[in-house]
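Chain by chain, the residues:
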Amino acid sequence: MSNTNDTKSSSPEKKETWINYLAFTTVIFAALATLSTFKGGGFSSKAVVFQAQASDQWAYFQAKSIRESLYNIQKENLTLQLGILTETVAADEKEKIAQALKQAENKVEKYEAEKNDIEKAARALEQNRDEAQTHSKPLGLAVIFLQIAIVLSSIGGLLKRKEVWYLGLPIGLAGIILFADGFLLFLPTSWF
């Protein structure tokens, strides 16, 4: 009779052991899913901010281009005026037009240089945006895989079915790998 009692008491103990592991893995998956959500959201926010800043830079670039175009038109107009002026026009009148032409040329050069600097800044912001998006994608996928693993672990625990928990483990491992990739970027970006 004591044999039967020993067998019965050891059976729940075995179930308890795997249930403890199930609980532990579920906690790990939940913690990583939370961190993935937090960090993925942070990278997504950075991407939005960098995009807005890049858009502002491109708008500023466009404004400089418009001003440059206006001075180019003025430069062409003054060049034509100088070409049409006859020799009967006073020298000081020609000098005023020549000075205005020189100022227009200087403005065109100034705007061209400023546009180059603005373009570099805009491209750098776009690169920062792209990098933030590159980090955000695997973290977003990690959340999905980790949540599926949590659901399968929960179902396995409720139904007392190891097989369901075992099914969730590789999915959770994929989530952990994606979580790590969100920071280290070791997986090819073409996968996402």
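This is a predicted model, so every value here is computed, not measured. (Residues numbered from 1 in each chain as written. Predicted model: local features only at pLDDT ≥ 70, side-chain atom pairs only at ≥ 80, totals over all residues. Heavy atoms only, no water.)

Once that is clear, we can look at the side chain of Ser 153. Tracing the backbone through its elements, the reader meets Ser 153 in helix 2 (residues 91–159). Setting aside chain neighbours within four positions, we find Ser 153 in contact with Leu 22, Thr 25, Thr 26, Phe 29 and Trp 165. (Helix = DSSP H or I, 4+ residues; strand = E, 2+ residues; numbered from the N terminus. Contact = heavy atoms within 4.5 Å.)

Turning to the confidence of the model for the chain, a few remarks are in order. Of all residues in the chain, 92% have pLDDT values of 70 or greater, and the mean over the chain is 91. Here helix 1 (residues 2–84) is the element of the chain with the lowest mean pLDDT, 87, and helix 3 (residues 162–184) is the one with the highest, 97. Low confidence marks residues 6–10, where pLDDT is under 50. Its contacts with residues over four positions away, or in another chain, come to zero contacts. (pLDDT = per-residue confidence, 0-100.)

With 14 residues, the main nonpolar core has Phe 29, Ala 142, Leu 146 and Phe 179 as its most contacted residues. Among the elements of the structure, helix 1, helix 2 and helix 3 are those that each provide at least two residues to this core. Sorting elements by how many residues they give to this core places helix 2 first, with six residues. The contact partners of Phe 29, leaving out residues within four places of it in the chain, are Leu 146, Ala 149, Ile 150, Ser 153, Gly 168, Leu 169, Gly 172, Leu 173 and Ile 176. (Core = buried A, V, L, I, M, F, W, Y, C linked by side-chain atoms within 4.5 Å. Buried < 20%, exposed > 50% of the residue type's maximum accessible area, 1.4 Å probe, protein only.)

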